[in-house]
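Letter by letter, the chains look like this.
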Amino acid sequence: MNNSLIQSIEKRRTQYALGPELPISAQQTTALIEAAIRLAPSSFNSQSSRAVILYGDESREFWRLVETALGKIVPAEAFAATKGKIDSFAAGAGTVLFYEDQDVVKGLQDKFALYADNFPVWSEQASGMAQFAVWTALANADIGASLQHYNPLADADAAARWNIPAAWKLRAQMPFGSNEKPFGEKAFMDDARRFKVFGTATVAETRAAA
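Sequence order as written defines residue numbering, which begins from 1 separately in each chain. For a predicted model such as this one, the threshold for reporting local features is a pLDDT of at least 70, and the threshold for listing and counting side-chain atom pairs is 80 or more; totals across whole chains, interfaces and linings nevertheless cover every residue. Side-chain calculation: all heavy atoms of the structure are included, whereas hydrogens and water are not.

## Some words on the packing of aromatic side chains
Thinking step 1. Aromatic contacts are taken between Phe, Tyr and Trp rings whose centres are within 6.5 Å, Trp giving its six-membered ring; a plane angle under 30 degrees counts as stacked, one over 60 as edge-to-face, and the others as tilted. Per the counting criterion, the structure on display carries 15 aromatic pairs.
Thinking step 2. Between Tyr115 and Trp122, the aromatic rings sit 6.2 Å apart at their centres with planes inclined by 45°, giving tilted as the arrangement.
Thinking step 3. Each residue is placed in one exposure class: buried if its accessible area under a 1.4 Å probe, protein chains only, is under 20% of its type's maximum, exposed if it is over 50%, and partly exposed if it falls in between. What makes Tyr115 partly exposed here is its relative accessible area of 36%.
Thinking step 4. Judged by relative accessible area, Trp122 falls into the partly exposed class, the value being 24%.
Thinking step 5. The rule is short: NZ of Lys or CZ of Arg within 6 Å of the ring centre and within 35 degrees of the ring normal puts a charge over the ring. The residue whose ring lies beneath Arg12 is Trp135, and the NZ or CZ to ring-centre distance is 4.4 Å.

This is the structure we're talking about:
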């Protein structure tokens, strides 16, 4: 399909083999992440998504906190594999911590009581769209990334380390960096099992300017 957005989405892949180099500056990377989150949709334009962007030693410190927390619950005989996975995230150039501001969610629940039960769900959807937007933007800058969910293991420690507001709820982590290995083929299930289409649509004619 000759569509620039679809082509951009096709570049988004999970990369576990991360390196510390970036093809663009940290400032440009930060601007890219911020723009992707800023432009991601949210219910009632609530803009509930928040992000903490960590580079270098700060990123490695986050994964050290996760490793320490995992060391308390993972059996000793299985910890080597766990540590190897955490080390692969720490090997990247940085990490995006995705949060959702619960004060925003609560404010919407108070203001629109009829939809109160939906706002936590819509907040999760907004976070997912922000994560996808950032991941796609990074991929199109030739920056590898993966999406992780080690919350709430190190939430309190991270909040203390980086002065995170109490209302911010950690939803996901995205380590990113250079692509140190090529991507393999991605398999897709049969479209007939995923989609149903009904009705017809009228295609507008393109008229030449007078």
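## Considerations on empty space enclosed by the protein
Any space left empty among the atoms is revealed by the rolling of a water-sized probe across them.
Thinking step 1. As defined here, a cavity is a set of points on a 1 Å grid over the protein atoms alone where a 1.4 Å probe fits but cannot get out. A pocket is an open set with protein on both sides within 12 Å along at least five of seven lines, and residues line them when an atom is within 4 Å of a point. Grid points are joined across faces, edges and corners, and a volume is the space filled by probe spheres set on the points. Following the criterion strictly, the structure yields one cavity of 30 Å³ or more and no others.
Thinking step 2. As a volume, the largest cavity reaches approximately 30 Å³.
Thinking step 3. Taken together, Ser43, Ser46, Ser48, Val105, Leu108, Phe119 and Ser123 form the lining of the largest cavity.
Thinking step 4. Elements represented by at least two residues in the lining of the largest cavity include exactly helix H5 (102-111) and helix H6 (119-140).
Thinking step 5. Under the convention adopted here, Pro, Cys and the residues Ala, Val, Leu, Ile, Met, Phe, Trp and Tyr are nonpolar, Asp, Glu, Lys and Arg are charged, and Gly plus all remaining residues are polar. Of the residues in the lining of the largest cavity, the class split is three nonpolar, four polar and no charged. What counts as a helix is a DSSP run of H or I of at least four residues, what counts as a strand is a run of E of at least two, and both are numbered from the N terminus.

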